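Letter by letter, the chains look like this.
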Amino acid sequence: MTTPQERIAQLRDEINFHLYRYHVLDSPVITDAEYDALYHELLALEQEHPELVTPDSPTQRAGAEPLDAFQKVQHPAPILSLSNAFNAEDLYAWRQRIGRFLPDPEMKLDYVAEPKLDGLTVVLTYENGRFTQGATRGNGEVGEDITQNLRTIPAIPQRIPVDPQSKVTVPPYLVVRGEAFFPLDKFEQFNARQLAEEKQVYMNPRNAAAGSLRQLDSKITAERPLTLYCYDLIAWRGADVPDKQWDRLDYLRQLGFPVSSDSQYCDTIEKVAAAYDGWFERRNQINYEVDGMVVKINDRPLADSLGFVGKDPRGAVAMKFPAQEKTTKLLGVQVNVGRTGILAPNANLEPVEIGGVTVRNATLHNYDEIARKDIRLGDTVIVKRAGDVIPYIVGPVVDVRDGSEQVIEPPTHCPVCGEPALRVPGEVAIYCDNPSCPEQLVRRVEYFVSRGAMDIDGFGGKTGAQLAEVGLVKDLADIYYLDRDELLALEGFKDKKVDNLLEGLAASKQQSPARFLTALGIRFVGSVVAGLLIDEFGSIDALAAASQERLEEIEGIGPGTAVSVTTWFTDERHRALLEKFRQAGLKFEAERPENEGIGSQVLEGLTFVITGTLPNLSRDEAKALIEAHGGKVTGSVSKNTNYLLAGEKAGSKLAKAESLGVAILDEASLQTMIQTQI
Ligand code: IVH
């Protein structure tokens, strides 16, 4: 028989392998559901055996306890930088310059041309195949320990080799260099969400990567769509590291590290120059930000023997792309209405070609930023486009002003519905506060049906706008009252499309209350917060009845969210909307465990929190037992908790219960409570 310990080890290896297939090779061999099953089996086993949890378990990728500060880390060798070249001429000059350090200045060299990723350098240490430390570059000698944050990145192997079939031997010690970054599509989605939730919006993917990796709370990092590519070995012992850079990239791949497949082998310097031109052409078609191409002499011992100039090795050079910035005229500012009513300024520009794309619009982020940068109507502005990111305005060119430029005033009214605009003290955003604003409705419907929310099949982006326009959807709940014949009468709605739409809508009624809550689009209530709230209250109705103080007691819910939630639920219009959803048959209650009702109801009205390791029951079993007798189990201790069921190794929850005067039970007392009272 396999022991839990063996099974846990097996599951970890399997999960790590599937993470690698998915995130590194981009070719999964099992379905998401199969993956989830493995993950949940591991999670359950670890909950039963908390003493077997290790920091490198895949379950720990969700983040660990927040830190007070980052520790300093001494790198085993300097983390070098690169000198720059900007064109083929500079490249040939570099080849010329290094001639005098070579055994023969004219000797034939070959090269590797790699994408120059614009992210954040990370230094990853592996001891006996385990990921033990991850650091930032810092000043090249000393960096910061961001291990906890890096553990949350699914593309970083926790153990090497990742593929159990790999023949490669595990080096006792290995330090790898890579670049962590946000894929461009993910960056855009991420920023849009941040904006909607009124959280920090990042200027570009590089800042987003740097900001995400410098979080003291790794749970925040875990929610960011970071990935990385590796390209160098900094130090090693007992490893068969090949001499050629081209083979080193392959060696890294064999160990299971993600390595860009966009690198090229070039046997002459002319081919390097051609590779640069090719890259420059393609740079906007790649899903990560590149600011150039790195040229490395393939023969690494030879390259290393050339020495450095300052911190720049002679054996490699960065061929940078020209910045994708142009100046143009700011012709007007258009106000866009978002889902939460945010009025966002957008620039209308005199069309300008930047990096092969004609740019007519750019984001101005918010009115505080317009004021801070002193951007005026009619200004000549610098527009930057980075990859596929929405172009933005860097700032005005003040010197060429002729005095006709006008200060941009924040809107006083919603441009669509005409209601007065509102500014919440302490927030940068300006809102349209009219919940019936037609534009907000379209955005809310878009969000409600989207994948991260109710995930309604057959309900495309334009459908919501069309339905709102013709008046079939006047509030969110109307989408569940659509009539087949009315739909068929609309332009472009054929039988099949209508069937798909109605089927998708009907199926979505089974979505969990947590998804439903997310889809309502309450400010600050994204999927994570919605999950917490439903776990705590069990139903939308119980949540609706909760006070602000009660909400604030929940771990992970701040005062801003608590206010936002209570304000939303006290609004009569929202109450009416909820009733309409209820009539339509949406789920308001989280599913109860199956054995509910088989026990007594002696624990009815009592709220329990479980912590530590119990002698006989797993946490899930204890929860089921309590619920079977009518009690409720929540995740965090508050003054509404009646009992803390504590086992061995109880931690912060025990301390909190003691400080709040919450009664503390052990497993035996719980059993007595249930038995004596039946
Ligand atoms: S090699 C001696 N390769 O660019 C080796 N660097 O401008 C020096 N970078 O600090 C680095 N992609 O953060 C190398 N394929 C790549 C790279 C790369 C991005 C970054 C790296 C470095 C900076 C130098």
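About the thresholds
- Residues numbered from 1 in each chain as written.
- Predicted model: local features only at pLDDT ≥ 70, side-chain atom pairs only at ≥ 80, totals over all residues.
- Heavy atoms only, no water.
- Helix = DSSP H or I, 4+ residues; strand = E, 2+ residues; numbered from the N terminus.
- Expected span 1.5 Å × (residues − 1).
- Contact = heavy atoms within 4.5 Å.
- Near = heavy atom within 4 Å.
- Polar contact = N/O pair within 3.5 Å; in protein donor to acceptor, adjacent residues only side chain to side chain.
- Areas by Shrake-Rupley, 256 points an atom, 1.4 Å probe, with all protein chains shown as cover.
- Nonpolar A, V, L, I, M, F, W, Y, C, P; charged D, E, K, R; others polar.
- Salt bridge = Lys/Arg side-chain N within 4 Å of Asp/Glu carboxyl O.
- Buried < 20%, exposed > 50% of the residue type's maximum accessible area, 1.4 Å probe, protein only.

(A) The arrangement of helix 1 (residues 4-23) in detail. Its 20 residues place the ends of helix 1 28 Å apart at the C-alpha level, agreeing with the 28 Å of an ideal helix rising 1.5 Å per residue. Packed against the buried residues of helix 1 are helix 2 (32-48) and helix 8 (245-255).

(B) Structural context of the site of the ligand. In the neighbourhood of the ligand, 14 residues make up the surrounding shell, with E114, K116, T121, E179 and K296 lying closest. A distance of 3.2 Å separates a nitrogen atom of the ligand from a polar atom in the backbone of P115. Between R177 and the ligand, the recorded distance is 3.0 Å, taken from a side-chain N or O atom to an oxygen atom. Within the complex, 89% of the 520 Å² of free accessible area of the ligand lies under protein. Of all the secondary-structure elements, those providing two or more residues to the shell around the ligand are strand 3 (111-117), strand 7 (173-181) and strand 10 (290-297). Residue composition of the shell around the ligand, grouped by class: seven nonpolar, two polar and five charged.

(C) Representation of the pattern of salt bridges in the model. Per the stated rule, a full pass over the model turns up 35 salt bridges. Its salt-bridge partner being D495, residue R484 comes within 3.0 Å of it at the nearest N-O pair. Note that R484 is positioned in helix 14 (residues 484-488) and D495 in helix 15 (residues 495-508), a separation of eleven residues in sequence. When its relative accessible area of 46% is taken as the criterion, D495 is described as partly exposed. Here D541 ties to R582 by a salt bridge, and the two come within 2.7 Å at their closest N and O atoms. Here D541 is found in helix 18 (residues 540-544), whereas its partner R582 is found in helix 21 (residues 572-584), with 41 residues between them in sequence. Relative accessible area serves as the criterion here: at 34%, D541 is assigned to the partly exposed category. Residue classification places R582 among the partly exposed positions, given a relative accessible area of 31%. By sharing partners, the salt bridges in this structure join D13, D56, R130 and R159 into a single network.

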